[in-house]
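Chain by chain, the residues:
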Amino acid sequence: MEQTELRPATRTEVRPVTARQRVARAARNGGEPTLDFAERVPYDAYVQASTLHQLQQPLSGDPGEMSFLMVSQIMELYFGLTCHELRETSRLLRADRVWEALAPLRRAALHLEGLNAAWRGLRWMTPADFNRFRNLLGEGSGFQSAMYRHLEFLLGLRDPALIRPFRRQTEVYAELTDTLATPSVWDEVVALLARHGHELPAELLERDVATEHEAHPAVEAAWVRIYADTGPENHLRLLGEALTEVAEQFGDWRHHHIKAVQRTMGAKVGSGGSAGLAWLQRSMARVVFPELWSARTAM
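Here the structure is a predicted model, which is why all the values come from computation and not from measurement. (Residues numbered from 1 in each chain as written. Predicted model: local features only at pLDDT ≥ 70, side-chain atom pairs only at ≥ 80, totals over all residues. Heavy atoms only, no water.)

Draft legend 1. Structural view of the overall build of the chain. Of regular secondary structure, the chain possesses 14 helices and zero strands. Order of helices (α) and strands (β) in the chain, N terminus to C terminus: α-α-α-α-α-α-α-α-α-α-α-α-α-α. In terms of overall dimensions, the chain has a C-alpha envelope of 65 × 60 × 35 Å along the principal axes. Buried residues in the chain amount to 37% of all 299 residues. Look at the contacts in the chain between residues 6 or more apart in sequence, and 71% of them connect residues 24 or more apart. Total accessible area on the chain is roughly 17000 Å²; 56% of this is exposed by carbon and sulfur atoms. (Helix = DSSP H or I, 4+ residues; strand = E, 2+ residues; numbered from the N terminus. Buried < 20%, exposed > 50% of the residue type's maximum accessible area, 1.4 Å probe, protein only. Contact = heavy atoms within 4.5 Å. Areas by Shrake-Rupley, 256 points an atom, 1.4 Å probe, with all protein chains shown as cover.)

Below, the structure written as structure tokens:
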């Protein structure tokens, strides 16, 4: 693929326009869009579209590989966007701003919905289709996505061993280590429940957040009490429902991942060295926000 060097856009290239300037421009243009610009097209300066469309570097001449590659990149962008929303959620929960935390949580659920829809772009792929370029991927595997690890860590699925592949990428490794050492969204929720008067044991509140949270009956009991209050002002109940939607959409993504693997490679060994399908099926047993689900039995 031919490469063109682009000068990165800076904030100064995206010039703010006031409402009055827009009206004046529309009058000058007779209602038609502006077609002439002194410099770079403003849309490209902001979105970096011309840069994005140069990031696809297929390894084969197979036309289907572009679909696989670009859908993978779209998923990476959705991983990053969802992580952004979950970090904002954690910040607001830490400050006891529960009502405000509902907005980024709901956006996160919608981003995960978009992420799930991306799998549809690969439903055409049979084992024969994938095999035409699979060997060229070498040991490359979605298992090695650093942004997906951030997403898991933010949701409370934590295994310190999974950052080992990034040890030689010092900046990536440091960022993952930092996320692992920071309370997850669920850790922030548990701390919030304690601050709102729900009795939770000290060992739960003071545990090492780098390890995975284990479901606790006291947290489950707190959610049973919260859901018993069906009043419209029960912000904790609304928080529970927003968290449930995020957990459900993330669970759907993992399910779609398993189905895509079954469709394209069956139970073959994964390209990254894992057991492939069997490894993914085991990972599904790790539940996001576990007490939100188990509490429903007692409601």
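Having seen the structure, we can now continue with the description.
Draft legend 2. How the structure looks around empty space enclosed by the protein. For the structure shown, the criterion picks out one cavity of 30 Å³ or more. One number sums up the size of the largest cavity: a volume of about 60 Å³. Lining the largest cavity are L155, G156, L157, W186, E212, H213, V287, V288, F289 and P290. (1 Å grid on protein atoms, 1.4 Å probe; cavity = no way out; pocket = protein on both sides within 12 Å on 5 of 7 lines; lining within 4 Å. Points joined across faces, edges and corners; volume = space filled by probe spheres on them.)

Draft legend 3. Structural context of the packing of helix α7 (residues 146-155) against helix α8 (residues 170-181). As a packed pair, α7 and α8 sit with axes 9 Å apart at the nearest point and diverge in direction by 10°. It follows from the interaxial angle that α7 and α8 lie roughly parallel. Where α7 abuts α8, its residues A146, R149, H150, F153 and L154 lie against V172, E175, L176, T179 and L180. Class assignment for the residues of the contact of α7 with α8 results in six nonpolar, two polar and two charged. (Axes fitted to C-alpha atoms, helices over the stretch in contact; angles between N-to-C directions. Parallel < 35°, antiparallel > 145°, perpendicular 65-115°, else oblique. Nonpolar A, V, L, I, M, F, W, Y, C, P; charged D, E, K, R; others polar.)

Draft legend 4. Structural detail: a nonpolar patch on the surface. Where nonpolar side chains cluster on the molecular surface, the patch consists of F37, V41, Y43, Y46, V47, L52, L55 and L77 and spans about 800 Å² of accessible area. If one sorts the elements of the nonpolar patch by residue count, helix α2 (residues 42-47) sits on top with three residues. Mapped onto the secondary structure, Y46 falls in helix α2. Overall, the relative accessible area of 58% leaves Y46 in the exposed class. (Patch = residues over 30% accessible without salt bridge, like charges linked within 9 Å, V, L, I, M, F, W, Y side chains within 5 Å. Salt bridge = Lys/Arg side-chain N within 4 Å of Asp/Glu carboxyl O.)

Draft legend 5. Just helix α4 (residues 64-94), in detail. The end-to-end C-alpha separation of α4 is 46 Å, in line with the 45 Å expected for 31 residues at 1.5 Å each. Among the residues trailing α4, D96 stands out with phi positive, at a value near 60°. (Expected span 1.5 Å × (residues − 1).)

Draft legend 6. Fine view of the environment of A174. Tracing the sequence through the fold places A174 in helix α8. The exposure class of A174 is partly exposed, given its relative accessible area of 44%. A C-alpha to C-alpha distance of 9.5 Å links A174 and I163, two positions 11 residues apart in sequence.

Draft legend 7. Up close: the pattern of salt bridges. As enumerated under the stated definition, the model contains 12 salt bridges in all. Among the salt bridges present, the one from E188 reaches R94, with a minimum N-O distance of 2.8 Å. Here the residue E188 occupies a position in helix α9 (residues 185-195), and R94 occupies one in helix α4, the gap between them amounting to 94 residues. Residue E152 is joined to R149 by a salt bridge in which the shortest nitrogen-to-oxygen separation is 2.6 Å. Placement of both E152 and R149 in helix α7 is noted, with a separation of three residues, approximately one turn of the helix. Residue E152 shares its accessibility class with R149, and that shared class is buried. Salt bridges sharing partners connect three or more residues here, namely D62, D129 and R132.

Draft legend 8. Quick look at the nonpolar core. Of all hydrophobic cores here, the largest spans 55 residues; its most connected members are W186, L193, W223, L239, L243 and F289. Secondary-structure elements contributing two or more residues to this core are α4, α5 (98-118), α7, α9, α11 (217-228) and α12 (235-265). Of all the elements, α12 adds the most residues to this core, at 11 residues. Residues contacting W186, with those up to four places away along its chain left out, are H213, V219, W223, L243, F289, P290, E291 and L292. Counting seven residues, the second-largest nonpolar core is a separate cluster that includes A146, F166, L176 and A210. (Core = buried A, V, L, I, M, F, W, Y, C linked by side-chain atoms within 4.5 Å.)

Draft legend 9. Fine view of the environment of F153. The residue F153 is located in helix α7 in this model. Measuring from C-alpha to C-alpha, the distance between F153 and T211 comes to 9.7 Å, with 58 residues separating the pair along the chain. Dropping the residues within four chain positions of it, F153 is found in contact with R158, D159, I163, L176, T179, L180 and S184.

Draft legend 10. A look at the packing of aromatic side chains. Evaluated as defined, the whole model comprises 11 aromatic pairs. Ring plane angle 80° and centroid distance 5.5 Å describe the contact between F79 and W253, whose orientation is recorded as edge-to-face. Note that F79 is positioned in helix α4 and W253 in helix α12, a separation of 174 residues in sequence. The same class applies to F79 and to W253, which are both buried. Here the aromatic rings of Y148 and F250 are separated by 6.1 Å at their centres, their planes lie at 20°, and the arrangement is stacked. Of this pair, Y148 sits in helix α7 while F250 sits in helix α12; the two residues are 102 residues apart in sequence, bridging distant segments of the chain. An aromatic cluster is defined as three or more aromatic residues linked by ring pairs; in this entry it consists of F79, W119, Y148, F250 and W253. Positioned over the ring face of W293 is R296, at 5.6 Å from the centre of the ring. (Phe/Tyr/Trp six-rings, centres within 6.5 Å; stacked < 30°, edge-to-face > 60°. Lys NZ or Arg CZ within 6 Å of the ring centre and 35° of its normal.)

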